Each structure stands twice: as structure tokens, then as C-alpha cells.
Amino acid sequence: MQFNRILKKIIRTGVGKSRYWMAIIGLGVAMLLILVAVQVHTDFNELLHGSRNENERADYLVVNKKITNDMMGKPGQTVFTPEEQKDFAAQPFVEAFGPITAAQFNVQLQADQLGFSTLAFFEAVPDTFLDVKSEEWKWKAGDQLLPIVVPRDFVNMFNFGFALGNGIPQFSETSIQNLTPEVVITQGMQQAKFLGKIAGFSDRISTVLVPQSFMDWANAKFGSGEVKLPSRVVIRVKDPSSLELKDYLEKHGYSTDAEKTKYNKIRGIVQTIVSVVGFFGLVLLMFALLVFSMFIQLVISSCRKEIRLLVTLGASPRRLQRYLLGQLVPVYFVTGVIALIVVAAAQFWASGVLEKHGMYVAPWPGVLTFAATLGILALVYFVNWTTVRKEIQAHT
């Protein structure tokens, strides 16, 4: 068909050629930036929420109020009121909420096997927040054996700090669990002794824990008899890196372990980078679509006489439209496939690098990345189809 040869000549030479390649390069770079932004977003979510990247400690946060100079000597300002507890528990990022009950009595631990005696403190949390599962974790009034859960960090501090500095043998966790330190609780003239039993070691809550039933009994017997408001609470959160959680803590003057929420800073940085990359990708995509439209207008305008002649001779405008689209569709389809291959190669490389550092992401692009590829190609096709149809009708 003579019209086909005319179009090919215009596409491959002169101004048409430069705009043609400008549009292709712009489309390729735009697709690459958008796909990279989508894939980075997918990977970061998998690092935070993927089953292979779960960090049990990070899901549980112990929260207290920040102590300021104005609050010193005013314990009533450091506790969580019932309204504050209710509001905190109702937040969408909180999956479970529990108060930490503090002891209202003095505690002394005497561990002759370890060679030391020390003042201590007890706290209690609802059993659902414990990461220690033991049949020994129970107590009722009259029992002399008192199960205790200690933080694993305490064991390390004893073995690599206290023991080495005082010439005392280091103990394994199994050995410590076989020890039975004497627990002496006092308040005024009242005193009671129990035989302690280490029921386990917690990686989740950094405090010495006893069963809630013992704490309630001891506070009632040795304390003031009043139920005091908690100064600390423990929460289970869906996402410890949540910016909503960070903003809520800052707004209300609450504090928690910064190590467990450090990813919200990283998340903010990543989201900013992804947004900037995605924005530039969208700008380039709009630029590519504009250049494609200008190119199509140039092609059709340059051969408008030939188009009218072919239509006069019986060529269908729809046929001309299909032919021109047939010249363009394979080009931007190949461009999209190349961009997707580049992203897939980068993803495969990144997954291998992250795996060496104990972090896991899928070795291949995610569903959203493929969906974004198809969506961009569909958009480009629609814009080109609309432009071709409009220009063909205008010149026939």
C-alpha cells in the first residue's frame, strides 16, 4: 500500500524520527521510574510485614509517659488515667492493650547460689502478653513457690558484667532455672517469704514479672488496699513503624523503646524517596504521552494530502487508523517489557543482597508492578488511539 510506505518514510526520517525516538525514550524512562517506585514500596512493606521478616519483640511495646522536670515529685501525673487508657486502646494501630501492675511493696532477692542479695521490683502483665509459655506460670494464695520471669538481658548483664567483675561463675539459662532464690517481700512491719522459681526468660518485656494473681494478692495484703492506676502499659501493634503510632506517642507525651520503633524514621525516608521517584516518573509519562501525540499529529498532518487521496480511492479511515496504531503498539509494548525486565533483574539482585543480611523479599517483581506495567501500556494505547482517531477524522 502506497500510504504505508509514505508513513514509514516520515517515521524514519526528518522531524518525525527525532520526536519518535524522544517519545520512546521518555516512555521507557518514565515506566522504569514508576515501576521502581512501585516495587520499592512493595519490598518495604514485605520487609515490615512479611512472615519471614517477623520480629516478635517489635510487635509489643511498653509505653510510659515522659518524665519532665515539672512532673518530678508528682506521681499522679505519670500514670495513665482511665480515659487515657480507653483512648489508647481504641486507636486503630493497637491490636491489644494491657496495663502493667506495679508492686506496692518492697522486694528482696537472696540467691545464695549466685552469691548475691539484692533489692528488686516486681510487675505483672496479663498472661496474653507473655512470650514465656510454662506450666509453672501459676500461683494461688497459700503457695510458697513463686514463679518469676526475668528479662534475658538481665541474664546477660549478670554473666558478662556482674559475674566477671566479681569473680563469680557464669551460669547458663538452664542452670539459672534450677535455682530457687528466696523472695522476701516487706511493707512496714509486715513480711512474707517465698521460694522463687525462674519460669522463663522474656525477650519482649524488660522487667521482672510475677503472675497477676500473686500481684493482686500481695498488693491487697501489703499495699494500701487501693487499686492504683498504671504508670506503664503494654500494647501489641500491627505495625511498630506506623507513622500514626509515632505521631500519637509524640502528641500525648508518651515514650517507648526507640529501638523498636526506629523503622518509622526509615519508613518516612523511603516513602519520601518513593514519592519523589514516582512523581518524576508520572511527569515523564505525561511528557512521553504529549510527545507521542505531537508525533502522531505530525505524521498525519505531513501526509494529509495522501490520506485524502487514499480515502477518495476507497481506503477506509478505520483501516488507516489501525495501520498507524499497528506501527506504534509494538514499539511501546517492547519498551514496557524492557523496563519490566530491568526491574526484575534489579529485584533478583536486591533479594540476594538482602538475604545475606537476614532480610527477605521476593526474588521477582510483585503483582502491583505487573499491574502498573499493564496500566501504563493501556493508558499509552488509549491516548494514542484517541489521538490517531481524532487526527484521521480531521483530515478525511
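Above this text is the structure in question.
Starting from 1, residues in each chain are numbered consecutively following that chain's sequence as written. Per-residue local features are limited, in this predicted model, to residues with pLDDT of at least 70; the limit for side-chain atom pairs, both in listing and counting, is 80 or more; totals at the level of whole chains, interfaces and linings are taken over all residues. The basis for every side-chain value is the complete set of non-hydrogen atoms in the structure, without hydrogens or water.

A. The overall build of the protein, seen in detail. By definition, any uninterrupted DSSP run of H or I lasting at least four residues is a helix, any uninterrupted run of E lasting at least two residues is a strand, and each is numbered from the N terminus. Scanning the protein for helices and strands turns up eleven helices and ten strands. When the 396 residues of the protein are sorted by exposure, 41% land in the buried category. Contacts: residue pairs with any heavy atoms within 4.5 Å of one another. Taking all contacts inside the protein whose residues are at least 6 apart in sequence as the whole, residues at least 24 apart take part in 78%. Method for areas: the Shrake-Rupley scheme with a 1.4 Å probe, in which residue coverage is limited to the protein chains shown. Of the roughly 21700 Å² of accessible surface on the protein, 61% is carried by carbon and sulfur atoms. The buried label goes to any residue with under 20% of its type's maximum accessible area, the exposed label to any with over 50%, and the partly exposed label to all in between, with areas taken from a 1.4 Å probe on protein chains only.

B. Representation of the packing of aromatic side chains within the structure. Ring pairs are drawn from Phe, Tyr and Trp, using the six-membered ring of Trp, whenever the two centres fall within 6.5 Å, and their geometry is named by plane angle: stacked under 30 degrees, edge-to-face over 60, tilted for the rest. One pass over the structure, following the stated rule, counts 16 aromatic pairs. With a centroid separation of 5.8 Å and 55° between ring planes, the pair formed by F88 and F97 is classed as tilted. A residue is classified by how much of its surface remains accessible, and F97, at 21% relative accessible area, is partly exposed. With a centroid separation of 5.3 Å and an interplanar angle of 90°, the aromatic rings of F194 and F214 are classed as edge-to-face. Separated by 20 residues along the polypeptide, F194 in strand β8 (residues 190–202) and F214 in helix α6 (residues 212–222) bring together distant segments of the chain. Of the two residues examined, F194 and F214, each falls in the buried class. In this structure an aromatic cluster arises from ring pairing among F80, F88, F93, F97, Y248 and Y254. Counting as a charge over the ring demands two things of the Lys NZ or Arg CZ atom: a distance within 6 Å of the ring centre and an angle within 35 degrees of the ring normal. Over the face of the ring belonging to Y60 we find R204, whose NZ or CZ atom lies 3.6 Å from the ring centre. Lying over the aromatic face of F222, K221 brings its terminal NZ or CZ to 5.9 Å of the ring centre.

C. How the structure looks around helix α7 (residues 243–252). Inspection of α7 places L245, Y248 and L249 among the buried residues, and these make up the whole buried set. Down the axis, α7 shows its buried residues gathered within 95° of arc, on one side only. Facing away from the buried side of α7 by over 90 degrees, the exposed positions are E244 and K251. Each element contacted by the buried residues of α7 is listed here: β1 (60–65), α3 (82–89), β9 (232–237) and β10 (254–255). Just downstream of α7, G253 is the residue with a positive phi angle, here 70°. The reported arc concerns the directions from the helix axis to the C-beta atoms and nothing else.

D. Summary view of a positive patch on the surface. Patch definition: residues with relative accessible area over 30% and no salt bridge; like charges joined within 9 Å; nonpolar side chains (Val, Leu, Ile, Met, Phe, Trp, Tyr) joined within 5 Å. Only one rule defines a salt bridge in this text: a Lys or Arg side-chain nitrogen within 4 Å of an Asp or Glu carboxyl oxygen. For the purpose of counting charges, residues Lys and Arg are taken to be positive, whereas Asp and Glu are taken to be negative. His and the chain ends are not included. Every charge is mapped to an atom, namely NZ of Lys, CZ of Arg, CG of Asp or CD of Glu. Together, R318, R319, R322 and R389 line one region of the surface with positive charge. A total of three residues in the positive patch trace back to one element, the largest contributor, which is helix α10 (residues 317–356). On the accessibility criterion, R319 (48% relative accessible area) is partly exposed.

E. Looking closely at the sheet that holds strand β3 (residues 106–111). On the basis of which strands lie adjacent, the open sheet formed by five strands has the order β4-β3-β7-β8-β6 and mixed pairing. In the strand order of this sheet, the two ends are held by β4 (116–120) and β6 (145–151), each with one partner. Going from strand to strand, the sheet's axes swing by 35° on average, the running direction of each strand aside. Bridge count between β3 and β4: five bridges; the pairing is antiparallel. The residue of β4 that forms the bridge with L109 is T118. Its contacts with the sheet place helix α4 (residues 152–166) against β4, β6 and β8, and it is angled at close to 75° to β6. Between N-to-C directions, angles cover 0 to 180 degrees, with each direction set by a line fitted to C-alpha atoms, over the stretch in contact for helices. Across the sheet, α6 is in contact with β6, β7 (182–187) and β8; its angle to β8 comes to roughly 160°. Strands pair, by our definition, only if DSSP identifies at least two bridges between them.

F. Quick peek at α6. All of the buried residues in α6 are F214, M215, A218, N219 and F222. Taken down its axis, α6 places every buried residue within 125° of arc, on the same side. Buried residues along α6 sit in contact with β2 (94–102), β5 (123–124), β6, β7 and β8.

G. Focus on the sheet that holds β5. Ordered by their spatial adjacency, five strands build an open sheet running β5-β2-β9-β1-β10, and the pairing between neighbours is antiparallel. Of all strands in the sheet, those bounded by a partner on one side alone are β5 and β10. The pairing of β1 with β10 spans two bridges and is antiparallel. When the bridges of β10 are listed, K65 appears paired with Y254.

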